[in-house]
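Take a look at the letters that make up each chain.
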Amino acid sequence: MARRDPSFICQNCGAAYTRWQGKCDACGEWNSIVEEAAERTKIPGRAPRKGRLFALESLTGNAQDAPRLASGVAEFDRVTGGGFVPGSVLLLGGDPGIGKSTLLIQVAAALGRGERRCAYISGEEAVAQARLRAERLGLAHTQVELAAETVIEDIVATLSEGRTPELVVIDSIQTMWTDLVDSAPGTVTQVRASAQALIRFAKRSGAVVILVGHVTKDGQIAGPRVVEHMVDAVLSFEGEGSQQFRILRALKNRFGPTDEIGVFEMTGSGLREIANPSELFLSERELGSPGTAVFAGIEGSRPLLVEIQALVAPTSLGTPRRAVVGWDQNRLSMVLAVLEAHCGVRLSGHDVYLNVAGGLRIQEPAADLAAAAALVSSLANAALPSDAVYFGEISLSGAVRPVAQAAARLKEARKLGFARAVIPEAASSEGGGDQGLSLEFVDSLTALVGEIAGRRTEGRRRGRM
Ligand code: TYD
Ligand code: MG
């Protein structure tokens, strides 16, 4: 028997040490180092194997487009890039209770409908519980094979028997363990070894394996980051606990784009696909209240309209608060700085809060103009026209710059009943003019501020009459 040195592994990053220490030198995390038995590197009693020779090939072979296995859940397939690639392994992360198990049982059921063999292995729930959920979702009649198992060797042996399943869901990777390693389930070594075994099974058999991964308090997929590097795609299922919509996004995808999102709504009977998310994100809009602007954005290949809300309120604090949800804190600071420096808007005595409605997270710089409009509208206490959308990037000089895909944004706005768009001038050259919207061009932030301030005095004058 080979001697196995104890090793101390950081549960955050997977770095190994020979003795315990309070802080991981590799990632800087405190108190994350746990003693684990090392992986067996040598199989006792067997001589090391000599390397086998294999043929090397050139790049110019016949490259087939990876065949896709569409699940039938359109919002899910959109995120994976048009369906699963056989033999690929996906990791799905998300907060507890967000709906990962629900989503995957629905995906498995949808695939199972097409005479495909799907297996759902739960390490967290008993078969009866999983069955109860399926019944509640109206999926009890579909042919998904259920099991409550946690030993990887048993799972791989069972799945290798008979016809290879097209899809295997492992819920969750943290509950699985393999005999090869002595550490407890959920530790870095176990998770990594279990994931490795499942990846080997997927590559060998051509089955698609989806691993569910838990998420830690700070939003990382728990266990080793290395699992993220091992799998073909990392998906994240997100949402505000209090709200009904859920967003699926790809953080990594070897076979497709990472900028597409899938939108779902959690209902009493499972997750419902939202094919037109703009309607959902705008559905609870309060018309005519100051501090809100509608941003015409693009998520992946799909235009998406979303409301941006701002509150600018006088503060008694020495350092005013700047809080932002759903947008980049640095971009907010930049927009505020441009407003102060070029537009004469004094904000140092005000707290500023910015929120993207519906729990959506916007990454596009195109949202600058809408955010600025919402901020100025709140400060001036003047509501923006409720039938207008905004988009445009703001540069440090205060100029409003054109953004990509203006025509698609305008088209979506038109479709949802908006009548005008406040946009940078150059956007019209992209063929935005014939969308049936009245276009208002702003070339600088100063012009926008002037226009909104003008609305306020106009409103007052009308009020007096
Ligand atoms: P679940 O899929 O178990 O979450 P996860 O696997 O990510 O931990 O979902 C649990 C939550 O979803 C639970 O709070 C109840 C809610 N839910 C519904 O609202 N409707 C449903 O039809 C189902 C099955 C769950
Ligand atoms: Mg679950």
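Before reading further, recall that the structure is shown in the block above.
Note that the coordinates shown come from a computational prediction; the quantities given were computed from them, not determined experimentally. (Residues numbered from 1 in each chain as written. Chains lettered and ligands numbered in written order. Predicted model: local features only at pLDDT ≥ 70, side-chain atom pairs only at ≥ 80, totals over all residues. Heavy atoms only, no water.)

A.B. asks: Help me understand the environment of Ile423, please; the structure alone is not making it clear to me.
C.D. replies: You can see Ile423 is positioned in strand β20 (residues 420–423). For Ile423, a relative accessible area of 0% corresponds to the buried category. With 32 residues separating them in the primary sequence, Ile423 and Phe391 have C-alpha atoms 5.5 Å apart. Look past the residues within four positions of Ile423 in its chain and what remains in contact with it is Leu369, Phe391, Leu410, Leu439, Glu440, Phe441 and Val442. (Helix = DSSP H or I, 4+ residues; strand = E, 2+ residues; numbered from the N terminus. Buried < 20%, exposed > 50% of the residue type's maximum accessible area, 1.4 Å probe, protein only. Contact = heavy atoms within 4.5 Å.)

A.B. asks: I would appreciate a short explanation of the site of ligand 1 in the present structure.
C.D. replies: Neighbouring ligand 1 are 16 residues; Gly97, Lys100, Ser101, Thr102 and Gly270 lie closest to it. In this structure, a nitrogen atom belonging to ligand 1 sits 2.8 Å away from a main-chain N or O atom of Thr267. One of the backbone nitrogen or oxygen atoms of Gly268 is found 3.1 Å away from an oxygen atom of ligand 1. Those elements giving two or more residues to the shell around ligand 1 turn out to be α2 (100–112), α3 (127–136) and β11 (261–267). Tallying contributions element by element places α2 first for the shell around ligand 1, with three residues. (Near = heavy atom within 4 Å. Polar contact = N/O pair within 3.5 Å; in protein donor to acceptor, adjacent residues only side chain to side chain.)

A.B. asks: Could you clarify how one ought to interpret the packing of helix α8 (residues 329–343) against helix α9 (residues 368–380) in this entry?
C.D. replies: Between two packed helices, both the angle of their axes relative to each other and the distance between the axes serve to describe the pair. Two numbers describe how α8 lies on α9: the axes approach to 10 Å, and their chain directions differ by 60°. The angle between α8 and α9 places the two elements in the oblique class. Here the hand of the crossing between α8 and α9 comes out right-handed. Residue-level contacts link Arg331, Leu332, Met334, Val335, Leu336 and Leu339 of α8 to Asp368, Ala372, Leu375 and Val376 of α9. Looking at side-chain class alone, the contact of α8 with α9 contains eight nonpolar, no polar and two charged residues. (Axes fitted to C-alpha atoms, helices over the stretch in contact; angles between N-to-C directions. Parallel < 35°, antiparallel > 145°, perpendicular 65-115°, else oblique. Left-handed = near helix turned anticlockwise from the far one by under 90°. Nonpolar A, V, L, I, M, F, W, Y, C, P; charged D, E, K, R; others polar.)

A.B. asks: Please explain a negative patch on the surface as it appears in this structure.
C.D. replies: Side chains of Glu149, Glu153, Asp154 and Asp179 sit close together on the surface and give a patch of like negative charge. Tracing the sequence through the fold places Glu153 in helix α4 (residues 152–160). (Patch = residues over 30% accessible without salt bridge, like charges linked within 9 Å, V, L, I, M, F, W, Y side chains within 5 Å. Areas by Shrake-Rupley, 256 points an atom, 1.4 Å probe, with all protein chains shown as cover. Salt bridge = Lys/Arg side-chain N within 4 Å of Asp/Glu carboxyl O. Lys, Arg positive; Asp, Glu negative; His and termini not counted. Charge placed at Lys NZ, Arg CZ, Asp CG, Glu CD.)

A.B. asks: Would you mind showing me how to read the sheet that holds strand β7 (residues 167–171) here?
C.D. replies: Neighbouring strands of a sheet are bound in pairs by backbone hydrogen bonds; such pairs are parallel or else antiparallel. In space, the nine strands of this open sheet follow the order β6-β5-β7-β8-β4-β9-β10-β11-β12, with mixed pairing throughout. Looking at which strands have only one partner, the edges of the open sheet turn out to be β6 (144–148) and β12 (270–273). Geometrically, the sheet is characterised by an average inter-axis angle of 25° between neighbouring strands, direction not taken into account. In this structure, strand β5 (residues 118–122) lies alongside β7, joined through five bridges in parallel fashion. What sits directly across from Cys118, in β7, is Leu167. (Pairing = 2+ DSSP bridges.)

A.B. asks: Hey, could you run me through α2 in this one?
C.D. replies: Owing to its 3.6 residues per turn, the α-helix brings residues three or four apart onto one side. Its 13 residues place the ends of α2 18 Å apart at the C-alpha level, agreeing with the 18 Å of an ideal helix rising 1.5 Å per residue. Where burial is concerned, most of α2 is hidden: 13 out of the 13 residues are buried. (Expected span 1.5 Å × (residues − 1).)

A.B. asks: So what exactly am I meant to see when it comes to the packing of aromatic side chains here?
C.D. replies: For any pair of aromatic rings, geometry is given as the distance between the ring centres together with the angle between the planes. Applying the stated criterion to the full structure yields two aromatic pairs. Its end group placed over the ring of Phe391, Arg409 keeps NZ or CZ at 5.4 Å from the ring centre. (Phe/Tyr/Trp six-rings, centres within 6.5 Å; stacked < 30°, edge-to-face > 60°. Lys NZ or Arg CZ within 6 Å of the ring centre and 35° of its normal.)

A.B. asks: Please explain the pattern of salt bridges as it appears in this structure.
C.D. replies: Side-chain pairs of opposite charge can arise where the charged atoms are in close proximity. Scanning the model with the defined rule gives 16 salt bridges in all. Ionic pairing is found between Arg302 and Glu75, a salt bridge with its closest N-O pair at 3.2 Å. With Arg302 in strand β14 (residues 302–314) and Glu75 in helix α1 (residues 74–80), the pair connects residues that are 227 residues apart, well separated along the chain. Across this residue pair, the class does not change: Arg302 and Glu75 are buried.

A.B. asks: I'm lost on the packing of α4 against helix α5 (residues 188–205) in this one. Help?
C.D. replies: The N-to-C vectors of α4 and α5 enclose an angle of 10°; their axes lie 10 Å apart at closest approach. Regarding the angle of α4 to α5, the classification is roughly parallel. Residues Ile152, Val156, Leu159 and Ser160 of α4 form the contact with α5, whose own contacting residues are Ser194, Ala197, Leu198, Phe201 and Arg204. Per-class residue counts for the contact of α4 with α5 are six nonpolar, two polar and one charged.

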